[in-house]
Amino acid sequence: MSASASSPSSSSDTGLWHERAQALLAEGLVDGRASIGGQRTAAVSGETFVGRSPIDGRRLGEVARCQGADVDLAVRHARHAVDDGRWSAKAPAVRKRILQRWAELIVQHKDELALLETLDMGKPIRHSLSVDVPAAARCIAWYAEAIDKVYDQVAPTPAGSLALVQREPVGVVGAIVPWNYPLIMAAWKLGPALAAGNSVVLKPSEKSPLTALRLADLALKAGLPAGVLQVLPGFGHEAGEALALHMDVDALAFTGSTRVGRHMLDCASRSNLKRVYNELGGKSAFIVFDDAEDVARAARAAASGIFFNQGESCNAPSRLLVHAAVADEVIAEVLAQVPRYLPDDPLDAHTEMGAVVDEAQLRSVLGHIEAGQREGATLLAGGTRAHAETGGFYVTPTVFDDVSPQMRIALEEIFGPVLSVIRFQDEAEAIEIANGTPYGLQATLWSGQIDRALRVARALKAGTVHVNQFDEDDMTVPFGGVKQSGNGRDKSLHALDKYTELKTTWIRVQAA
Ligand code: NAD
């Protein structure tokens, strides 16, 4: 493990990324100022906070601490842009070309964006490069391509009248996003909201604000008119709260924890009843039946699902439900995967698991691991902090067996590399356990029987169910949850519903 810039590992790629990181920081190229009205600007108060890397605690730079006054200013710019039509009234084909250019610029800046993403939130550089940056660009490009192919409707009314059913932009969209996929979460909001003609005020997480700010620079460079997109770094209880309570924000697209999502609804009810779309937490079940055709493959998919992104994925399959008859075989294969995911230097091009986002998250994950041990689960692997000498926050891939559905590690979202194995005896019990949390984001099942697969998929209370695979993903397919995992859908044409209002226009048609 060599997370410090002064001790690059033998890999030349690793040395290269360390050199680039050092150059970026030494030259003071990290710009943490807000983006408002087409300008990079300090917070109105002049206050800042220090951005630090979870890789080794190194200082990344000063970040503007935006608060209520900045939100007021940003919303005023956004409203002005809506009212004068500089974006909202542009033909969809014109919006398309600008958004396409933006997506191209994101790809052109992939090395810089990937490096910032890794430094800011600790994920492996190989994933920032191969997953996060391309997915963000693809999302913007996809909505660009879609927006001049979406038609409105003429209702089947009686002769003598004509009723147009049209979609209009909602106006000013507030978007609040978390830190686990900063670029992708921002793109999932910005792509459809901007394509539909809205103005947006985006608040990235205080734990990973840097790439969202660069996205705003690139959007301006691509030709997005000033004032259409503002990015305000700051804390949730300050900038986030002010945005959620703002009387001139028409819709709030929130991704984050269920606790804060609940508060977003409260803010809307205490202010202007703005629409709130919540994309919240999860505790996804991954069920392996004894008739699964390849249980070893299922086990590998479960391990990759829970350990990818340090376990900091809303849809991570954190509960592995295994039929008692195949449990030992599945667990043995999961354990065989553990060495591959041992955390290492995120700037090493071979690393599969990096650092968790900060010390608070590290403490929270370790606290859950302690709770699992206290409540009687059997720790089979991991359970410890790693590489503390770097000053970074690393957790070893952790597997618990003998977990019962009532334990905290079976019910609460841990958001770290911790897998809870629960054994079951029959299908009904598996469904009951799978549905037995407040969450309903995703579920996965492995079975060789099509009847069972369809029956169980129907019974699972989740926004998405995977059958005999885990990681299929496409922009054409909606993503979101039920129950306390939220109500909105990101991705696909369905996401446009969140950012448009239905407008009906009745027209009297004179009889000949
Ligand atoms: P969080 O709820 O703590 O914070 C999310 C965002 O809300 C941040 O920008 C934060 O600053 C802001 N915020 C916090 N308090 C606020 C307040 N009082 N008012 C307004 N804004 C406030 O979540 P997190 O720790 O950043 O992210 C992890 C959570 O996000 C997990 O629960 C995860 O499952 C969820 N998540 C869900 C999805 C999905 O699509 N369903 C995707 C990614 C992450």
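Rules of the game
- Residues numbered from 1 in each chain as written.
- Predicted model: local features only at pLDDT ≥ 70, side-chain atom pairs only at ≥ 80, totals over all residues.
- Heavy atoms only, no water.
- Helix = DSSP H or I, 4+ residues; strand = E, 2+ residues; numbered from the N terminus.
- Rg over C-alpha atoms; globule rule 2.2 N^0.38 Å.
- Buried < 20%, exposed > 50% of the residue type's maximum accessible area, 1.4 Å probe, protein only.
- Contact = heavy atoms within 4.5 Å.
- Pairing = 2+ DSSP bridges.
- Axes fitted to C-alpha atoms, helices over the stretch in contact; angles between N-to-C directions.
- Near = heavy atom within 4 Å.
- Polar contact = N/O pair within 3.5 Å; in protein donor to acceptor, adjacent residues only side chain to side chain.
- Areas by Shrake-Rupley, 256 points an atom, 1.4 Å probe, with all protein chains shown as cover.
- Nonpolar A, V, L, I, M, F, W, Y, C, P; charged D, E, K, R; others polar.
- Parallel < 35°, antiparallel > 145°, perpendicular 65-115°, else oblique.
- Salt bridge = Lys/Arg side-chain N within 4 Å of Asp/Glu carboxyl O.
- Arc of directions from axis to C-beta.

Draft legend 1. Here's a closer look at the overall build of the chain. In terms of helices and strands, the chain carries 15 helices and 21 strands. Taking 2.2 N^0.38 as the reference for a compact globule, 512 residues should give roughly 24 Å; the C-alpha atoms of the chain span a radius of gyration of 24 Å, in line with that estimate. Over its C-alpha atoms, taken along the principal directions, the chain stretches across nearly 75 × 60 × 40 Å. Among the 512 residues that make up the chain, the fraction classed as buried is 57%. In the chain, of all internal contacts separated by at least 6 residues, the share reaching a separation of at least 24 is 74%.

Draft legend 2. The arrangement of the sheet that holds strand β20 (residues 464–467) in detail. Spatially, the seven strands line up as an open sheet ordered β14-β17-β18-β13-β12-β19-β20, and their pairing is mixed. Strands at the two margins of the open sheet, each flanked by one partner only, are β14 (378–381) and β20. Here the strands of the sheet are splayed against their neighbours by 20° on average, with no regard to which way each runs. Pairing of strand β12 (residues 285–288) with strand β13 (residues 319–323) involves four bridges; the strand directions are parallel. Paired with Val288 across the strands is Val322, a residue of β13. On the sheet, helix α10 (residues 295–307) packs against β12, β13, β17 (398–401), β18 (418–424) and β19 (442–446) and is oriented at approximately 170° with respect to β12.

Draft legend 3. Region of interest: the site of the ligand. Around the ligand sit 28 residues in total, of which Val177, Glu206, Ser257, Leu280 and Glu413 are the nearest. Trp179 has a polar side-chain atom sitting 2.9 Å from an oxygen atom of the ligand. A distance of 3.4 Å separates an oxygen atom of the ligand from a polar backbone atom of Gly256. If the ligand stood free it would expose 840 Å²; the protein chains cover 91% of that surface. For the shell around the ligand, the secondary-structure elements that each account for two or more residues are α8 (236–245), β10 (251–255) and α9 (258–270). When the residues that make up the shell around the ligand are grouped by side-chain class, the tally is 14 nonpolar, nine polar and five charged.

Draft legend 4. Quick look at the environment of Asp291. Secondary-structure assignment places Asp291 in the loop between β12 and α10. Through-space distance from the C-alpha of Asp291 to that of Ala325 is 9.7 Å; in sequence the pair is 34 residues apart. In this structure Asp291 touches Trp446, Ser447, Gly448, Gln449 and Arg452, once residues within four positions along its chain are discounted.

Draft legend 5. Fine view of the packing of helix α3 (residues 92–108) against helix α6 (residues 182–195). Two elements in contact, α3 and α6, have axes whose closest approach is 10 Å; the angle formed by their N-to-C orientations is 160°. Judged by the angle between their axes, α3 and α6 are roughly antiparallel. Between α3, through Arg95, Leu99 and Trp102, and α6, the contact on the second element is made entirely by Leu190, Leu194 and Ala195. Residues of the contact of α3 with α6, tallied by class, amount to five nonpolar, no polar and one charged.

Draft legend 6. Inspection of the pattern of salt bridges at higher detail. Scanning the model with the defined rule gives 38 salt bridges in all. We note a salt bridge from Arg20 to Asp111, for which the minimum N-O separation is 3.2 Å. Placement of Arg20 in helix α1 (residues 12–26) and of Asp111 in helix α4 (residues 110–121) is noted, with a sequence separation of 91 residues between them. Of the residues examined, Asp111 reaches a relative accessible area of 28% and is grouped as partly exposed. The partner of Lys123 in a salt bridge is Asp132, with the nearest N and O atoms 2.6 Å apart. The structure contains a network of salt bridges with shared partners spanning Asp31, Arg33, Arg40, Glu112, Arg214 and Asp217.

Draft legend 7. How the structure looks around the pairing of strand β4 (residues 59–64). Direction of pairing for strand β3 (residues 48–52) relative to β4: antiparallel, over a ladder of five bridges. Bridging across to β4, Thr48 finds its partner in Ala64. Turn length for the β3-β4 hairpin, with the two strands adjacent in sequence and antiparallel, is six residues, and the turn residue Gly57 shows positive phi of about 75°.

Draft legend 8. Expanded view of helix α15 (residues 450–459). Buried within α15 are the following residues: Arg452, Ala453 and Val456. Buried residues of α15, seen end-on, are gathered within an arc of 100° and therefore sit on one face of the element. In α15, those exposed residues whose orientation departs by more than 90 degrees from the buried face are Ile450, Asp451 and Arg458. Tucked into the core, α15 has its buried residues touching α14 (427–434), β19 and β20.

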